[in-house]
Amino acid sequence: MKIIDRYTLKQVIIGFILVLASMTSLVWLTQSLRMIDMIVTRGVSPKVFFELTLLILPNFLQVLSPLTLFAVALFTLIRMESDKELMVMQAVGMSQRDIMRPIFKMAIVLTGIGYLLSFFLVPLSNKEMREMKWEIRNNIGHLLLQEGQFNTFKNGLTLYVKERLPDGQVKGVIAYKQKEPNKWSIMAAPNGEVFQEKDGIRVVVYDSVKQEYEPESKKYSVLKSKKNVIMLPNKNSAEARSTDPRELSLWELLVKTPAEVDNNMPKWRKHKVEFVKRFVQPLYNLTYLYLVMFGVLSGFYNRRGQVGKINLTVILALFVQSLALAFENMSNKCLWCLILYVLNVFSPIFLVRRISLIKRLKWIKAGGLCLCLMLFSCASAKPQEQAAAAEPDSGAFSSR
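Let me begin by describing the structure that accompanies this report.

Its place among the elements puts R269 in helix 9 (residues 265–280). It is E328 that comes nearest to the buried, bridge-free R269 among opposite-charge side chains, at 13 Å. Of note is the side chain of R269, whose polar atom sits 2.8 Å from the backbone oxygen of N332. With residues near it in sequence (within four places) discarded, R269 still touches S331, N332, K333, C334 and L335.

The geometry of helix 3 (residues 57–82) relative to helix 11 (residues 307–331) is characterised by a closest axis approach of 11 Å and an angle of 165 degrees between their N-to-C directions. Viewed along their axes, helix 3 and helix 11 adopt a mutual orientation that is roughly antiparallel. By crossing handedness, the relation of helix 3 to helix 11 is classed as right-handed. Counted together, L67, F70, L74, I78 and E81 of helix 3 and K309, I310, T313, V314, A317 and Q321 of helix 11 form the full contact between these two elements. Residues belonging to the contact of helix 3 with helix 11 are distributed by class as follows: seven nonpolar, two polar and two charged.

A few words now on the state of the cysteines. Following the criterion strictly, the structure yields zero disulfides and no others. With no disulfide of its own, C334 has C337 as its nearest cysteine by sulfur position, at a separation of 4.6 Å. A residue is classified by how much of its surface remains accessible, and C334, at 32% relative accessible area, is partly exposed. Residue classification places C337 among the buried positions, given a relative accessible area of 13%.

A complete count under the given rule lists eight salt bridges for this structure. Between R101 and D98 there is a salt bridge whose closest N-O contact spans 3.0 Å. Placement of the pair is R101 and D98 together in helix 5 (residues 96–138), with a separation of three residues, close to one helical turn. Among the salt bridges present, the one from E274 reaches R278, with a minimum N-O distance of 3.2 Å. One end of the pair, E274, and the other, R278, are both in helix 9, four residues apart, so they sit about a helical turn from each other. Like R278, E274 is buried. Among the charged side chains, a salt-bridge network with shared partners connects D5, D98 and R101.

Once that is clear, we can look at helix 10 (residues 284–297). Between the first and last C-alpha of helix 10 there are 19 Å, a value that for 14 residues agrees with the 20 Å anticipated at 1.5 Å per step. The element helix 10 is largely enclosed, with a buried count of 12 among its 14 residues. Taken as a whole, helix 10 has its buried residues at Y284, N285, T287, Y288, L289, Y290, L291, V292, M293, G295, V296 and L297.

A few words on the nonpolar core. Of all hydrophobic cores here, the largest spans 46 residues; its most connected members are L77, L86, M100 and V296. Ignoring any residue separated from it by four or fewer positions in sequence, one finds M100 in contact with L77, L289, M293 and L297. The next biggest cluster of nonpolar side chains, apart from the first, holds 15 residues, and it includes F153, A175, A189 and V205.

Attention now goes to the packing of helix 2 (residues 46–55) against helix 3. Between two packed helices, what matters for the description is the angle formed by their axes and the separation of those axes. Interhelical geometry of helix 2 versus helix 3 gives an angle of 25 degrees and a closest axis separation of 5 Å. Classified by the angle between their axes, helix 2 and helix 3 sit roughly parallel to one another. Contacts between helix 2 and helix 3 pair T53, L54 and L55 from the former with L57, P58 and N59 from the latter. Here the residues of the contact of helix 2 with helix 3 are counted per class, giving four nonpolar, two polar and no charged.

What counts and what doesn't
Each chain has its residues counted from 1, following the order in which its sequence is written. pLDDT decides what is reported in this predicted model: residues at 70 or higher carry local features, side-chain atom pairs at 80 or more are listed and counted, and totals for whole chains, interfaces and linings draw on all residues regardless. With hydrogens and water stripped out, all remaining heavy atoms of the structure feed into the side-chain values. We count a stretch as a helix when DSSP gives it H or I for four or more residues in a row; a strand needs E for two or more, and each element gets its number in order from the N terminus. Three labels apply to residues, based on accessible area from a 1.4 Å probe with only protein chains included: buried if under 20% of the type maximum, exposed if over 50%, partly exposed otherwise in between. We treat Lys and Arg as the positive residues and Asp and Glu as the negative residues; His and chain ends play no part in the count. For salt bridges, the criterion is a side-chain nitrogen of Lys or Arg within 4 Å of an Asp or Glu carboxyl oxygen. We call two N or O atoms a polar contact when they sit within 3.5 Å, provided that within protein one can donate a hydrogen and the other can accept it, with sequence-adjacent residues counted only if both atoms are side-chain atoms. Here a residue-residue contact requires only that any non-hydrogen atoms of the pair lie within 4.5 Å. Here the axes come from fitting lines to C-alpha atoms, over the contacting stretch only for helices, and the angles between their N-to-C directions go from 0 to 180 degrees. Roughly parallel means an angle under 35 degrees; roughly antiparallel, over 145; roughly perpendicular, 65 to 115; everything else is oblique. Handedness of a crossing is defined here by the sense of rotation of the near helix relative to the far one, left-handed for an anticlockwise turn of less than a right angle and right-handed for a clockwise turn. Residue polarity is assigned by list, with Asp, Glu, Lys and Arg as charged and Ala, Val, Leu, Ile, Met, Phe, Trp, Tyr, Cys and Pro as nonpolar; anything else, Gly included, falls into the polar class. For the purposes of this analysis, a disulfide is any pair of cysteine sulfur atoms at a distance within 2.5 Å. For a helix, the expected span equals 1.5 Å multiplied by the number of residues minus one. For the purposes of this section, nonpolar cores are sets of buried Ala, Val, Leu, Ile, Met, Phe, Trp, Tyr and Cys residues that join through side-chain atoms within 4.5 Å.

Next comes the structure, spelled out in structure tokens:
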């Protein structure tokens, strides 16, 4: 690798690492604040909370990588242009392709890493994260840790626990259940114990008072007991977790049929859109880099500043990103819009290469025209020189 390529690549790599680390930390912090309620309300340990927040990172690295490369490459080239470094490179004969070669090599490496994230790491992290969240939300043991809240279950039971001690003791237990449409019951106990079992949770209460009421007959009864048992079924065995397209493998997304999703066509279309998205998303590393090359290296140098170039390049990148989001949402309703979604990533590359080719052809035509004019002028000058050389001799002969 040439020294000038190493110089450019070093600046881009350092800036890319710093910007990506800062943006990832910011996004990680915002997402962590959204999950902080799991520690407060559901009793999740800090270890589980830290694992959940780490599982979010592959999703954001896949999205932030192209945007970070775009920002760093744009800043680096604008700074090099303001310091007259690009002018020197062009003066020694380096073309746009030569200047952008080290950055494009980095973009190709990031595209490969993006495919690794898109095909393997992101689906695995999404699957693991959804499973952990589902267990936290549906595990009865975590629900009972919500002291001072009414916890409702599918069997019609509502349980309230005022306080739970570390040794499994509970205080201030209130259980409400509607056995039949015309019969209600409520039980209160000052203390009790909680036992974790395979089929669910067993709550044993002591010195309980149970009251039943029938609205039709308006009968009211009270039953006191020394010991009573409340069984809470495990929600994990009662219902299955629904799968999300983002946690499925490429093969599962490809072979998924409408019958496998209960003939839910919108959900089936999401699977196909996710399949195409995993191939398209990493290519934005190259798309944004072509926009940088067009915005910075095309046109003329302006000593008053390059604000216009920067604004134009940023607007083009935002426009491409907005179209990507719009076409993705449209594809969820009509799969034919996937053609527009794919063209959105390739059209900037094609247009930039086309514009550079047209400019190159114009310079070749202009150079060829100038060369023809020079040859024509030289060819027409020879007879004139010969005539000018013969004129003095003829004049001298006539004077004699």
